Amino acid sequence: MKRHVDFYLTNMKIALLSQFQYRAQNYFYMIGMVAEPVIYLVVWSTVARQQGGTVGGYTAGGLAAYYIVWTLVRNMNIVFTPYGWEERIQRGQLSAELLRPIHPLHGDVAYFAGWKFVVIVLWLPIAAILALIFRPVLHPTWLQVLVFFLSIWGAYLIRTMLLALLGMIAFWTTRVGAIYELYFALELILSGRLVPMTLMPAGVQNAANFLPFQWTFFFPINALVGQPTTAELLTGLGMQALWILAGVLLVNLVWHFGIRRFSSVGN
Amino acid sequence: MPTPVIQVTSLAKHYKVPVREAGLKAATRSLFKRTYNTIKAVDEISFTIQPGEVVGFLGPNGAGKTTTLKMLSGLLFPTSGAPDVLGFQPSRRQADFLRQITLVMGNRQQLAWDLPALDSFELQRAIYGIPRPEFLKTRDEFIELLDVKDLVKKPVRNLSLGERMKMEIIGALLHRPRVLFLDEPTIGLDVTMQRRIRSFVEEYNRRNGATVLLTSHYMADVEALCKRVIVIHNGRLLFDGDLAVLLDRFSAYKTIGVTTGGTASWHQYGEVLGQEAGRVTLRIPREKTPEVTARILAEQKVEDLTVEDPPIEDVIEKVFSQESAEAK
């Protein structure tokens, strides 16, 4: 355990050092990413104003808060992608990682977690500017702030597992891109990324309850900007823990068979 | 007799590869009926390596060298034959096994590109759980041996190929592995850099008693480091023994160099390879070398005389061509 903690801390430090080298690139990437929520925000604020000030229980200020927090949650959701897995498997980089006495997934989780600290520091000025322009309204309790802080890391872990599962398809096929696009479409609709889940039809909301996506977007955002009850907050964290656990089990299962195939074919 | 560090019995790796003719018709047919060829990358090879041995693993491209190293380091499942390395079955990739080996591939990049190598070494420490005092001692010892005190502080992207290779080797050995699999560690490097890395491996082996299995296309590496060589071709083992025995068995000729003040017809002694400024080089059938040497010394005014084996590259080429001829 002590060895793993040391590995995580060192890897996170390496990620911090590396990503600060790329601070300009990181910044441009984050600024580019802001375009998506700003479009959603402008559209839904217009709809809210035309409907007498609210839409689905959200005021213009509430929607501004939703989409500004969205920008941080989206950045927390950036993990090692299936494209990265494809390259790692096909170009043989995985071989070098397999020679280490630690599972490669630990390296991914640690490295991207370290990167998040750079992201948070870079995000603060962007959030401040967006807040000045769009005037968000949010009054979170301390419990909401705490749950939000925990849930953005829960979201990070769930998405890490989901995309690792997708990425490991590259053990069997040379092209995972198409499947990733399909995943992306599902996530857009079922996660709260496009619109808050409460604005979605009841059928979609029901379906989302049985899927992992909303726990990576809607739940963390709503935990901070909505009015969830304590029970809803704790249930949400519990659901995140369940999806992380399911993800870990599935990743291990797929890894077990995938790595057998990799070791049979080689690279 | 100590327990062998590496024990390989009838080790094989076969690949099933889809094949088809060129053209649309063949491509369409292959959608419904695929034809496969079985490639025997490694075909039933056996050998053992004792603790502390440095063994050269030789063969042309595609001979099966890298495939064998990958099976021994646990990256590939063998088709048959379970190799034993340090008492472990490599393909199980147990942490205790991985902590005792390293595989260095000349064309692989392990270090963080944008950071000084010192940062990547720190990550290696954490990966292998090396106690800090031991880590610092090893790191500083290697830095001194390879003379890279200033280089370790520069971002890796600013280093030359040879300098990067030095860093890669330090990173790969920080956990002081007992078994080193080195796959073309000096590929693409200039002569000075090759020599530096070679002497580092030699020193590491001497200080730590580590076992080394090395592939290289540079025969200077093999000659300097390996007393014993294993030669494979088309996945099959052709020779396993002392380098000197290999040279003895497969070199039909020796080269005699004579420095002389006199003039003579040197063709009477053998094939004249070169003659200039009082220096003559002759090629003599191996079995006639003692007799011809004696004659030259008796009949000519000799200032200096050397007898040399042919370049090892020529010998290895002969091993392969002889094997190919036998296969036909």
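Throughout what follows, the structure given in this document is the object of discussion. (Residues numbered from 1 in each chain as written. Chains lettered and ligands numbered in written order. Predicted model: local features only at pLDDT ≥ 70, side-chain atom pairs only at ≥ 80, totals over all residues.)

## Topic: the overall build of chain A
Across its full length, chain A carries 11 helices and two strands. For chain A, the N- to C-terminal ordering of α and β elements is α-α-β-β-α-α-α-α-α-α-α-α-α. A compact globule built from 267 residues should have a C-alpha radius of gyration of about 18 Å, and chain A, at 19 Å, falls within 12% of that. Seen through its principal axes, chain A has C-alpha atoms that stretch 65 × 40 × 35 Å. In chain A, which comprises 267 residues, the share counted as buried stands at 40%. Here the analysis covers contacts within chain A between residues at least 6 apart in sequence; of these, 80% occur between residues at least 24 apart. (Helix = DSSP H or I, 4+ residues; strand = E, 2+ residues; numbered from the N terminus. Rg over C-alpha atoms; globule rule 2.2 N^0.38 Å. Buried ≥ 20, exposed ≤ 12 C-beta atoms within 10 Å, placed from the backbone. Contact = placed C-beta atoms within 7 Å.)

## Examining the overall build of chain B
The number of helices and strands found in chain B is 11 helices and 13 strands. Seen along its three principal axes, the alpha-carbon backbone of chain B occupies a region of about 70 × 60 × 50 Å. Here chain B holds 328 residues, and 38% of them are scored as buried. Residue pairs in contact within chain B that sit at least 24 positions apart in sequence constitute 71% of those at least 6 positions apart.

## Considerations on helix H3 (residues 60-76) of chain A
Residue and element names in this part refer to chain A. Helix length check: H3, at 17 residues, gives a terminal C-alpha distance of 24 Å against a target of 24 Å (1.5 Å per residue), a fit within 8%. At Trp-70, H3 shows its maximal bend, which comes to roughly 25 degrees. With 15 of 17 residues buried, H3 lies mostly within the body of the structure. (Expected span 1.5 Å × (residues − 1). Bend = angle between axes of the 7 residues up to and from the residue.)

## Concerning the sheet that holds strand E1 (residues 6-19) of chain B
Residue and element names in this part refer to chain B. Strand order in this open sheet of three strands is E2-E1-E4, and the pairing throughout is antiparallel. In the strand order of this sheet, the two ends are held by strand E2 (35-49) and strand E4 (84-85), each with one partner. The pairing of E1 with E2 spans 11 bridges and is antiparallel. Residue Lys-16 lies in a different strand from E2, and its bridge partner there is Thr-38. In this fold helix H2 (residues 65-73) packs onto E1, E2 and E4, with an angle of close to 120 degrees to the strand it touches most, E1. (Pairing = 2+ DSSP bridges. Axes fitted to C-alpha atoms, helices over the stretch in contact; angles between N-to-C directions.)

## Points about the interface of chain B and chain A
Contact residues are listed per partner, giving 23 residues for chain B and 19 residues for chain A. If you list the elements that add at least two residues to the side of chain B that touches chain A, you get H2, helix H3 (95-98) and helix H4 (117-128) of chain B. Considering each element in turn, the side of chain B that touches chain A owes the most residues, six residues, to H4 of chain B. Here the residues of the side of chain B that touches chain A sort into 12 nonpolar, four polar and seven charged. (Nonpolar A, V, L, I, M, F, W, Y, C, P; charged D, E, K, R; others polar.)

## Topic: the pairing of E1 of chain B
One ladder, built from two bridges, connects E1 of chain B with E4 of chain B; its direction is antiparallel. Its bridge partner being in E4 of chain B, Ile-6 of chain B is matched across the sheet by Val-85 of chain B.

## Some details on the packing of helix H1 (residues 2-21) of chain A against H4 of chain B
The contact between H1 of chain A and H4 of chain B brings their axes to 8 Å, and the two run at 160 degrees. Judged on the interaxial angle alone, H4 of chain B and H1 of chain A are roughly antiparallel. The way H1 of chain A lies across H4 of chain B gives a crossing that is left-handed. When H1 of chain A is examined against H4 of chain B, the residues Asp-6, Phe-7, Thr-10, Asn-11, Ile-14 and Leu-17 of chain A are found in contact with a partner set consisting of Asp-119, Glu-122, Leu-123, Ala-126 and Ile-127 of chain B. Among the residues making up the contact of H1 of chain A with H4 of chain B, the classes are represented as six nonpolar, two polar and three charged. (Parallel < 35°, antiparallel > 145°, perpendicular 65-115°, else oblique. Left-handed = near helix turned anticlockwise from the far one by under 90°.)

## As for unusual backbone geometry
Residues and elements named next belong to chain B. Positive phi is not limited to glycine here, since Glu-44 has a value of about 55 degrees. Among the structural elements, Glu-44 can be located in strand E2. Of note, the phi angle at Asn-234 is positive, near 50 degrees, even though the residue is not glycine. Tracing the sequence through the fold places Asn-234 in the loop between strand E8 (228-233) and strand E9 (236-242).

## Digging into the environment of Tyr-8 of chain A
Mapped onto the elements, Tyr-8 of chain A comes out in helix H1. Through-space distance from the C-alpha of Tyr-8 of chain A to that of Asp-108 of chain A is 9.8 Å; in sequence the pair is 100 residues apart.

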